[in-house]
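Survey of secondary and tertiary structure
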Amino acid sequence: MNFNATLIGQSITFIVFVWFCMKFIWPPIMHALDERRKKIADGLAASERGKHEQELAEERATAILREAKDRAGEIIVRAEKRAGEIVDEAKVDARSEGERLLTAARAEIDQEINRAREDLRGRVVSIALAGAGKVLEREVDQHAHDELLNKLAAEI
Amino acid sequence: MATEPLTASGYIKHHLTNLTFGKFPEGHEHAGHWGYAHSAADAQAMGFWAINVDSMLFSAGLGILFLWLFRKAAKTATTDVPGGWQNFVEWIVEFIDTSVRGSFSAKNDMVAPLALTLFVWIFLMNLMDLIAVDHIPWLASLLGVSHLKIVPSTDPNITFGLALPVFFLVLYYSVKIKGLGGFLGELAFHPFPKWMAPVNLLLEGVTLIARPLSHSLRLFGNMYAGEMIFILIALMYGGGVALGAFGGLLQLGWAIFHILIITLQAFIFMTLTIVYLDMAHQESH
């Protein structure tokens, strides 16, 4: 163990190495580390913000859904009401239409009855004439009995 | 190896001798010439103006390896997902940063890079201890290199070469932050009242001087002892199959335990540096 100039050589080497490390190694690495730390912190903050935004969006979605449901219910109620009204209106219309048809039918029936009656009356007259002819066995003077026959026909 | 007899003590001595380059002193057969020392005694005789080539080369080489590897990560450092190596580097950098933030309360941009350099560099130097003691010196001997110590931190020159600049930094910042008067006052007026200033100065002076000494000798001592145990275990390989196998087992166990030591010593050296510099920045006294 003897001391010699190695001591000085080592000291100079040491100082040079520390200088180099201080100048070219430590700052870039620390800079990168700091930058990455910042980047990670930003990333975490962004993810936190994203989560928060998602929560907000979910809330908004729920609100919209609820509103939509409410409105749908409202629309259904209104539609049901309207349907009821339509049915009622239809009932009223149908009733009046039915009555109208009924009256028309009745009128027609009356007409038919009258017509049949007239027809019948004519036929009865001719039958009566034929019958009377047979009974009398002679030609009945058409003109002489016209007045009588008409009276008979009117009676029937 | 060829110049020394192959004995146990010769083997150990050989392993503990640096490859020293210097001027041979008067009275030596190569007196006045520059060259590599042939033995520990030669190295001793060369005096201060000699250099341990192996320590310097391995120390600087490992330091450059550290700077190169980390510079590579620093250049490609992005905020994207880090790759494997970058991730590892960032992990170490964050670890150092946490340590510095924990122990160093003042603001000084130099402390953290200093701590990083010390930690990784010392760790790499200590790591050389895990390479089997004979391999690289044997390779070197094929190239004609007589002595080679591959663990720079077992050379006190290296550990003092780290601790002394730290000590001067402590002195510099003490004076810069507290002023010369403040610093001297801190030495003279504690722990006893002012009228006992000489006693205080003595006590605090010893404390101050003891710091770089203990700082460097702790690292040196641990690594030297660890290296010595590896050498002693390596000696067993020459003692037959049974002893050799036992030695292999011991070496494995010691190497695994040593992984803990080398990391711990690097960490302790770094932490003490941070603490000393922090004390230099404290103005509270």
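Here's a quick rundown of the structure. Note that the coordinates shown come from a computational prediction; the quantities given were computed from them, not determined experimentally.

**Focus on the pattern of salt bridges**
Side-chain pairs of opposite charge can arise whenever the charged atoms involved come near each other. Following the criterion strictly, the structure yields twelve salt bridges over all chains and no others. Note that A:Arg37 and B:Glu94 form a salt bridge whose closest N and O atoms lie 2.9 Å from each other. Residue A:Arg37 is found in helix α1 (residues 6–136), and its partner B:Glu94 is found in helix α4 (residues 84–103); the two belong to separate chains. Residue B:Glu94 is classed as partly exposed on the basis of its relative accessible area of 36%. In this structure, the salt-bridge partner of B:Asp109 is B:Lys107, at a minimum N-O distance of 2.8 Å.

**Looking at the packing of aromatic side chains**
On inspection of all chains with the given rule, the structure shows 19 aromatic pairs over all chains. Taken together, a centroid distance of 4.9 Å and an interplanar angle of 65° make the contact between A:Phe17 and B:Trp121 edge-to-face. In this pair, A:Phe17 is assigned in helix α1 and B:Trp121 in helix α5 (residues 111–127), connecting two distinct chains. Residue A:Phe17 is classed as buried on the basis of its relative accessible area, which comes to 6%. A ring pair is formed by B:Phe21 and B:Trp34, whose centres lie 6.3 Å apart and whose planes are at 25°; its orientation type is stacked. Taken together, the positions of B:Phe21 in strand β1 (residues 20–23) and B:Trp34 in strand β2 (residues 34–36) put the pair 13 residues apart, joining distant regions of the chain. Overall, the relative accessible area of 31% leaves B:Phe21 in the partly exposed class.

**Overview of α5(B)**
When the terminal C-alpha atoms of α5(B) are compared, their 24 Å separation across 17 residues agrees well with the 24 Å that a helix rising 1.5 Å per residue should span. Here α5(B) lies mainly inside the structure; 15 of its 17 residues are buried.

**A short note on the sheet that holds strand β3 (residues 51–52) of chain B**
Two strands in a sheet stick together by hydrogen bonds in their backbones, pointing the same way (parallel) or opposite ways (antiparallel). Residue and element names in this part refer to chain B. Spatial ordering of the open sheet is given by β2-β1-β3, a layout of three strands whose pairing is antiparallel. This sheet does not close on itself; its edge strands, each paired only once, are β2 and β3. As judged from the three bridges shared by β1 and β2, these two strands associate in the antiparallel manner. When the bridges of β2 are listed, Lys-23 appears paired with Trp-34.

**Side note on the environment of B:Leu162**
Position of B:Leu162 among the secondary structure elements: in helix α7 (residues 156–188). B:Leu162 gets classed as buried once you look at its relative accessible area, which sits at 0%.

**A look at the interface of chain B and chain A**
Counting residues at the interface gives 55 residues for chain B, matched by 31 residues for chain A. Interface area, chain B with chain A, both sides summed: about 3700 Å², of which 74% is carbon and sulfur. Where chain B meets chain A, there are two salt bridges. Where B:Glu90 meets A:Arg36, a salt bridge forms, and the shortest distance between an N and an O atom there is 2.8 Å. Put simply, chain B and chain A have ten residue pairs in polar contact (both at pLDDT 80 or more) between them. Mapped by element, the contributors of at least two residues to the side of chain B that touches chain A are α2 (40–45), β3, α3 (53–75), α4, α5, α7 and α8 (197–235) of chain B. The greatest single-element share of the side of chain B that touches chain A, amounting to eleven residues, is contributed by α3(B). A per-class count over the side of chain B that touches chain A returns 34 nonpolar, 13 polar and eight charged.

Here is what the cut-offs are and how they apply
- Residues numbered from 1 in each chain as written.
- Chains lettered and ligands numbered in written order.
- Predicted model: local features only at pLDDT ≥ 70, side-chain atom pairs only at ≥ 80, totals over all residues.
- Heavy atoms only, no water.
- Salt bridge = Lys/Arg side-chain N within 4 Å of Asp/Glu carboxyl O.
- Helix = DSSP H or I, 4+ residues; strand = E, 2+ residues; numbered from the N terminus.
- Buried < 20%, exposed > 50% of the residue type's maximum accessible area, 1.4 Å probe, protein only.
- Phe/Tyr/Trp six-rings, centres within 6.5 Å; stacked < 30°, edge-to-face > 60°.
- Expected span 1.5 Å × (residues − 1).
- Pairing = 2+ DSSP bridges.
- Contact = heavy atoms within 4.5 Å.
- Buried area = accessible area lost by both parts, 1.4 Å probe.
- Polar contact = N/O pair within 3.5 Å; in protein donor to acceptor, adjacent residues only side chain to side chain.
- Nonpolar A, V, L, I, M, F, W, Y, C, P; charged D, E, K, R; others polar.

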